Number of protein chains: 2
Amino acid sequence: MFIQIEPNTDVPIYTQLTQQIIEGIANGDIKSGESLPSVRSLAADLGVNMHTVNKSYHELEKKGLISILPKSGASVNAFNEKGKVSPQQLDYMEKLLRPAVAEGIVYGLEMNDFEEIIQRIIKKLQ
Amino acid sequence: MFIQIEPNTDVPIYTQLTQQIIEGIANGDIKSGESLPSVRSLAADLGVNMHTVNKSYHELEKKGLISILPKSGASVNAFNEKGKVSPQQLDYMEKLLRPAVAEGIVYGLEMNDFEEIIQRIIKKLQ
């Protein structure tokens, strides 16, 4: 698992960590069932506080992406097959995307602009 | 300007405020050139700390959506015409959307799912 923390940014370190783990799962670097490093070892590797890693892991757990068990630690959950998304997940994704889409509308983006951007992102995450 | 703050959520109040102002601009409730309420009066109306409103206004300023002038206060900037988006804004939007799109990919979303969700959001923001 390759994580790169950028200290000079507005994005909190735990959020950077969460996002990079999600991207790692999205692009297949981190597989379903795989164990994540222990909080202690990842914190030491990245030179960050254990609390930061802990906060990120709990955020991932809350999103249903990983499970945290007392003895065995954090492991990545099983995911849907491509295209088999539940209505609840679509609703959740709508909530998640809404602020950014609203901002894009203010900048004058139209449907085709959003499509282009999402296609670009999907390509980069492959 | 109708703002509704939800106290029992993970989303910080200043972020809720920022998002609702952006949605107000996106759906045309708040027009280009319009003045936003003073920090003091909006804080009093919403029953929140002045620091919270201030933080939200500065976030909107940083995004280039409003201007804050010492005497006249905050006012909404002029925007692009629909579809006239600069390459810089497309790059910025790519960064903004990337974490949510990565999360969607993990849930199994495909391009047509993203399209459906964005169309839903655009419809709701009209």
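Quick caveat, the model's predicted, so the values are computed rather than measured.

K.L.:
So what exactly am I meant to see when it comes to the interface of chain B and chain A here?
P.N.:
Where the parts come together, the accessible area they lose is often given as the size of the interface. Each side of the interface is counted separately: chain B has 50 residues, and chain A has 50 residues. Taking both partners together, chain B and chain A bury about 5,200 Å²; carbon and sulfur atoms supply 68% of that area. Linking chain B with chain A are 12 salt bridges. Across the salt bridge formed by B:Arg120 and A:Asp91, the nearest N and O atoms sit 3.1 Å from each other. Taken together, the links from chain B to chain A amount to 16 residue pairs in polar contact (both at pLDDT 80 or more). Contributing elements (two or more residues each) for the side of chain B that touches chain A: helix 1 (13–26), helix 4 (87–106) and helix 5 (111–124) of chain B. Per-element accounting of the side of chain B that touches chain A gives the leading share, 17 residues, to helix 4 of chain B. Here the side of chain B that touches chain A is built from residues that sort into 26 nonpolar, seven polar and 17 charged.

K.L.:
What should I look at first to understand the packing of aromatic side chains in this one?
P.N.:
Ring pairs (aromatic) are described by centroid distance and by the angle formed between their planes. Per the counting criterion, the structure on display carries two aromatic pairs over all chains. Judged by centre distance (5.9 Å) and plane angle (80°), the rings of A:Tyr92 and B:Tyr107 are edge-to-face. Here B:Tyr107 lies in the loop between helix 4 and helix 5 and A:Tyr92 lies in helix 4 (residues 87–106), a pairing that spans two chains. The ring of A:Tyr14 is capped by A:Lys55, whose NZ or CZ atom sits 4.2 Å from the centre of that ring.

K.L.:
How should the relation of the copies chain B and chain A be read in this particular structure?
P.N.:
These two copies of the chain differ by a rotation about an axis and a displacement along the same axis. Here chain B sits on chain A after a turn of 180° about the axis and a move of 0.0 Å along it, with an RMSD of 0.0 Å. Both copies are brought into coincidence by an operation consistent with a two-fold rotation axis. Most of the interface of chain B is mirrored in chain A: 100% of its interface residues are interface residues there too.

K.L.:
How should the side chain of B:Glu94 be read in this particular structure?
P.N.:
When you line up the elements, B:Glu94 lands in helix 4. By relative accessible area, which is 7% here, B:Glu94 ends up buried.

K.L.:
Can you walk me through the environment of A:Leu36 in this structure?
P.N.:
All names here are of chain A. Structurally, the position occupied by Leu36 is in the loop between helix 1 (13–26) and helix 2 (39–46). Between the alpha carbons of Leu36 and Ala74 there is a distance of 5.4 Å; along the sequence they are 38 residues apart. For Leu36, the contacting residues outside a window of four places in its chain are Met1, Ile30, Tyr57, Ile66, Ala74, Ser75 and Val76.

K.L.:
Just checking my understanding: could you explain the nonpolar core for this structure?
P.N.:
When a protein is soluble and globular, its nonpolar side chains tend to lie buried together. Counting 73 residues, the largest nonpolar core has A:Tyr57, A:Leu97, A:Phe114, B:Tyr57, B:Leu97 and B:Phe114 as the members making the most contacts within it. Apart from the residues lying within four places of it in its own chain, the contact partners of A:Tyr57 are A:Ile21, A:Leu36, A:Pro37, A:Val39, A:Leu42, A:Ile66, A:Ile68 and A:Ala74.

K.L.:
Explanation requested: the pairing of strand 1 (residues 66–69) of chain A in the structure shown.
P.N.:
The side chains of a regular strand alternate between the sheet's two faces. All names here are of chain A. Two strands pair when backbone bridges link them, and strand 1 and strand 2 (residues 73–76) are joined in this way by four bridges, in the antiparallel orientation. Looking across to strand 2, one finds that Ile68 is bridged to Ala74. Linking two consecutive strands that pair antiparallel, namely strand 1 and strand 2, is a turn of three residues.

The rules behind each value
All residue numbers refer to position in the chain's written sequence, counted from 1. Each chain takes a letter, starting from A, and each ligand takes a number, starting from 1, following the order in which they are written. Only residues with pLDDT of 70 or above have their local features reported here, since the model is predicted, and side-chain atom pairs are shown and tallied only from 80 upward, although totals for entire chains, interfaces and linings are computed over all residues. Values shown for side chains rest on all heavy atoms present in the structure; no hydrogens or waters enter the calculation. Whether two residues are in contact is decided by their heavy atoms, any of which lying within 4.5 Å being enough. Two parts placed together each lose some accessible area; with a 1.4 Å probe, that loss summed over both constitutes the buried area. The rule for a salt bridge is simple: a side-chain nitrogen of Lys or Arg has to be within 4 Å of a carboxyl oxygen of Asp or Glu. A 3.5 Å cut-off defines polar contacts: any pair of N or O atoms within that distance qualifies, except that in protein one atom must be a possible hydrogen donor and the other a possible acceptor, and neighbouring residues in sequence count only when both atoms are side-chain atoms. Strands are runs of DSSP state E lasting at least two residues, helices are runs of H or I lasting at least four, and both sets are numbered from the N terminus onward. Here the nonpolar group is Ala, Val, Leu, Ile, Met, Phe, Trp, Tyr, Cys and Pro; Asp, Glu, Lys and Arg are the charged ones; every other residue, Gly included, is treated as polar. Only rings of Phe, Tyr and Trp enter the pairing, Trp through its six-membered ring, and a pair is recorded when the two centres are within 6.5 Å. The plane angle decides the type: under 30 degrees is stacked, over 60 is edge-to-face, the rest tilted. Remark: a charge is flagged as sitting over a ring if the NZ atom of Lys or the CZ atom of Arg is within 6 Å of the ring centre and within 35 degrees of the ring normal. Least squares is used to superpose the copies, and the fit set is the C-alpha atoms of residues whose pLDDT is at least 70 in both copies. Remark: exposure states derive from per-residue accessible area (1.4 Å probe, protein chains only) relative to the maximum for the residue type, with buried under 20%, exposed over 50%, and partly exposed in between. What we call a nonpolar core is a set of buried Ala, Val, Leu, Ile, Met, Phe, Trp, Tyr and Cys residues that are connected through their side-chain atoms within 4.5 Å. By the convention used here, strands pair only if DSSP detects at least 2 bridges between them.

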